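# Report on the structure
Here's the letter readout for the chains.
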Amino acid sequence: MALRFHNSVGWRNYTVALFNCRFLKRNWHKLDQFLRSNIIRKRPSASLVKGLLLAFSSLLLTLGLAGCDVNNSGQAVINFQNNDQCVANFDAQTDYFPQKASIKYAKGFTVSYHKNYKLVTIDRPFASAKTPLRYVLLQCGTPFPKDVKPDQIITVPVRSLMVFSTTHIPHLEKLKVVDRLVGIADWSLVYSPILREKASQRNLTEVAKGGRLNIEEIIRLNPDLITTFAVGNAEADTYPKLVELGLKVVLNAEYLENSPLGRAEWLKFTALFFNQEALAEEEFNQIAARYEKIARLTQKVTRKPTVLTGLNYQGTWYVAGGKSYSAQFLRDAGANYLWADDQTTGSIPLSFEAVFAKGNNADFWLPNAAMWRSLADITASDRRYAEFAAFRRGQVFNNNRRQVDGANDFWESGVLNPDVVLADLVKIFHPTLLPDHNLFYFQKLQ
Amino acid sequence: MLIKRNWRSLLLSCAIVLLAILFTLSISFGSVPIPLGEVISALSNPEEMNSTTGKIIWQFRLPQAITAVMAGASLSISGLQMQTLFHNPLAGPFVLGISAGASLGVALLVLTGWEVGGSLGIVGASGAGAFAVLVILLLSDRLVKSATTLLVLGLLLGYIANGLVSILFQFSNSDRLRNYINWTLGSFSNVTWAQIPPFALVIGLGLLLSLAVTQPLNALLLGESQARTLGVKLTWLRFWVLVSTALLTGSVTAFCGPIAFIGVAVPHLCRHLWRTGEHRQLWLTVLITGASLSLMADLSTRLLGRGIVLPLNGITALMGTPIMLWLILGSSSAGHGQRWHL
């Protein structure tokens, strides 16, 4: 109902306000004041038009409030085509979430469904977290459950949001809700062509450039939801500040998942906020099916090439741990990862010589180095890299085929498309298994 | 007097032996365990150079040990010069803002993502930054009268450079920040054989210059006016000390990053151990002790084993501060200013 008023007026400043009945109720006197001050502007000789405008807007406010009341008391019925709208007629016995998510690969979150809310638990929001986080996702227009004490209550479906991690952007694209994005953290890290186009239309705000929050802009836009991540470091993490400001912030811990499909399944987490479980289920099942199919191709290979990852950063070479998601990728791609027996889930810092001793005869090298676009770039950085057999044979593959400046699509859409990443890897290690596939994220350095 | 001389020579011989031992340890101990016999055979047989062990020793450990020796010696010598020139026990190679200038050069390269020239780009940028600071210092040296003003100027240049670096942070991304921060942590492991000759050449020039100014620096210990009456041209002395320090610290910072504490701690340690402030004697002892301490710090970065490498500047700080503390507390009981006399 409120929506209809909004459309007929077309008044941008009230977009958010008129969407949200509660906001309107709480702040109607402010809006009224705002309207008066803006329209009359201390001129007693205000024209008749302005007077009429004031009268009209006051009427709107009153009607808006009345509309909400009517909605809540359940007397006005709005056509609910799907579960994307507010409930007008709350019925305690109705299951408002007929579509439910089931989690198969992701270990980091669980969801339990109740009649009019979902309870989402993030067991480990960041690696050093002591306590889990619990979010209640409350169906819009339904009463809040009294017996639950969550960390955040988010009214769903969410109509406007900001994302602070580029890995959340592909989720929005997949769930067809990218139009609801009102802000992103830092443009320089975003690859998505869809978002880039949106930016050119000037309706997406950058709110945390270089990791520094633009608090005023965030408050002005007042999103229904902010999705971000935390690393457990008070210096780097922005979410405590956002929570303190009373914003609706949820942490996404997909980066802690140790399997590629586990990371991709966080699509379902994002879907919970839009009541898009069915779509997420369908999309993810396709991804998982394709992934498993490619992984099955490599099960019969007899010769598994040895693989080395990472590069030397000023004396320290970070290689992927044997229990990391990268190691899982290599295993599924039919490769013999040199540190496969290691028990680390993250990365292991090693010295250059330690890596050289173990990896100088490796068949393939995947450096994952943003700045390397050719073999010459590698030797310019350090001549000793040329001693690796993989380098001498030209078997160096980098994941920066889709990269513009600091934005690498491998770390963006690659997280949601593990099937494509796996196909790339299989194409690299066993080209005959996928003859028709063209490398998407990786490129062979020349 | 003769006995005292002999005692000092004996101590110097011990320091040289220690340096040789540390150098050998540095080549023998790394994240990859290699038995001493294999180390020796790899070093003696040219055919062994192409085996994995040979490559590790020739391509990784030997350049790293040589770099550590050169860097430690250079920083300590320039620290010695700075402490005398500014009459300040806390002065070190970096008081002139040379490392800050180098940092600014590297920050401009790494943080803005130009990424030209790989490792040589970083060396070039760092050298250019250090050189720019040197030019400013030399130009202003003609205008300022006292060493203290020069010291303050160096500090101010440092603040400006650091301010610009923090502004660059704002326009960077996390990957580039990580690269920059890694550079600031310091490391001897990035210097390859191709870079050692130019590195050694610049350092050799700087060391020769520093050797040439030992006598006037001795006179300066007596105070600026005393030195002037002894015929020392202070502006001339300042000029050459500045050039020498810039060559030494500029090149070390360019190749290894800003290495902290060694340059400040080693001159104190040597004055204390050899009980002298005489620069001609100190020159060799500081050179050798600096090289040893730097090798020791580099060895300590690999102490944890399992291929894990600790940041070099963390180790130099942990090693340097206790030495400084011990010397400062020790000297306060032994009498004021004792270390500063001949």
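Scope of this entry: the structure provided in the associated data block.

### Notes on the overall build of chain A
For chain A, the helix and strand inventory stands at 17 helices and 19 strands. Per-residue burial for chain A yields a buried fraction of 45% across its 446 residues.

### Let's talk about the overall build of chain B
Secondary structure summary: chain B contains 14 helices and 0 strands in total. Scanning chain B from its N terminus toward the C terminus, one meets helices and strands in the order α-α-α-α-α-α-α-α-α-α-α-α-α-α. Taking 20 Å as the expected radius of gyration for a compact globule of 342 residues, we find that chain B reaches 20 Å, a close match to that expectation. With the principal axes as the frame, chain B shows a C-alpha extent of 65 × 55 × 35 Å. Across the 342 residues that make up chain B, the buried fraction comes to 46%. Long-range contacts, defined here as pairs at least 24 residues apart, represent 78% of the contacts in chain B between residues at least 6 apart.

### Some words on the packing of helix 13 (residues 352-359) of chain A against helix 3 (residues 52-85) of chain B
As a packed pair, helix 13 of chain A and helix 3 of chain B sit with axes 10 Å apart at the nearest point and diverge in direction by 155°. Compared by their axis directions, helix 13 of chain A and helix 3 of chain B come out roughly antiparallel. Note that helix 13 of chain A runs across helix 3 of chain B; the crossing there is right-handed. Contact residues: helix 13 of chain A offers Phe-352, Glu-353, Phe-356 and Ala-357 of chain A, while helix 3 of chain B offers Thr-52, Ile-56, Phe-60 and Arg-61 of chain B. A per-class count over the contact of helix 13 of chain A with helix 3 of chain B returns 5 nonpolar, 1 polar and 2 charged.

### Details of the pairing of strand 8 (residues 225-228) of chain A
Residue and element names in this part refer to chain A. For strand 5 (residues 161-163) and strand 8, the ladder comprises 3 bridges, and the chain directions are parallel. Bridging from a neighbouring strand, Val-163 pairs with Thr-227 of strand 8. Pairing geometry for strand 8 and strand 9 (residues 249-251), over 3 bridges, is parallel. Bridge assignment links Thr-227 to a residue of strand 9, and that residue is Val-250. Considered for its hand, the β-α-β crossover made up of strand 8, helix 8 (residues 239-244) and strand 9 is right-handed.

### Some points on the sheet that holds strand 3 (residues 133-139) of chain A
All names here are of chain A. The strand order across the open sheet built from 4 strands is 1-2-3-4, with neighbouring strands paired in mixed fashion. Each having just a single partner strand, strand 1 (109-113) and strand 4 (152-156) make up the two edges of the open sheet. Geometrically, the sheet is characterised by an average inter-axis angle of 20° between neighbouring strands, direction not taken into account. Across 5 bridges, strand 3 lies against strand 4 in parallel orientation. Bridging across to strand 4, Tyr-135 finds its partner in Gln-152.

### Quick look at the nonpolar core
Residues and elements named next belong to chain A. Within the largest apolar cluster, 207 residues are counted, with the highest numbers of intra-cluster contacts made by Leu-137 and Leu-422. Looking at this core, you find at least three residues from each of domain 2 (109-287) and domain 3 (301-444). If we ignore the near neighbours within four places in the chain, the residues touching Leu-422 are Tyr-291, Ile-294, Ala-295, Phe-329, Asp-332 and Ala-333.

### Examining the interface of chain B and chain A
Contacts between chain B and chain A engage 34 residues on the former and 27 residues on the latter. Where the side of chain B that touches chain A is concerned, the elements lending two or more residues are helix 3, helix 5 (118-141), helix 6 (147-170) and helix 7 (174-185) of chain B. Per-element accounting of the side of chain B that touches chain A gives the leading share, 6 residues, to helix 3 of chain B. Tallied by class, the residues present in the side of chain B that touches chain A amount to 11 nonpolar, 18 polar and 5 charged.

### Details of unusual backbone geometry
Cis geometry is found at the peptide bond from Val-156 of chain A to Pro-157 of chain A, where omega equals -5°. As for its placement among the helices and strands, Pro-157 of chain A is situated in the loop between strand 4 and strand 5. In the Ramachandran plot, His-87 of chain B falls in the positive-phi region, its phi being about 50° despite a non-glycine side chain. By the element assignment, His-87 of chain B lies in the loop between helix 3 and helix 4 (98-111). Classification of His-87 of chain B by C-beta neighbours within 10 Å gives partly exposed; the count is 15. Of note in this structure, Arg-275 of chain B is not a glycine but carries a positive phi near 50°.

Thresholds, definitions, all that
Residues numbered from 1 in each chain as written. Chains lettered and ligands numbered in written order. Predicted model: local features only at pLDDT ≥ 70, side-chain atom pairs only at ≥ 80, totals over all residues. Helix = DSSP H or I, 4+ residues; strand = E, 2+ residues; numbered from the N terminus. Buried ≥ 20, exposed ≤ 12 C-beta atoms within 10 Å, placed from the backbone. Rg over C-alpha atoms; globule rule 2.2 N^0.38 Å. Contact = placed C-beta atoms within 7 Å. Axes fitted to C-alpha atoms, helices over the stretch in contact; angles between N-to-C directions. Parallel < 35°, antiparallel > 145°, perpendicular 65-115°, else oblique. Left-handed = near helix turned anticlockwise from the far one by under 90°. Nonpolar A, V, L, I, M, F, W, Y, C, P; charged D, E, K, R; others polar. Pairing = 2+ DSSP bridges. Right-handed = clockwise from strand over helix to strand, strands pointing away. Core = buried A, V, L, I, M, F, W, Y, C linked by C-beta atoms within 7 Å. Domains from an automatic or database assignment.

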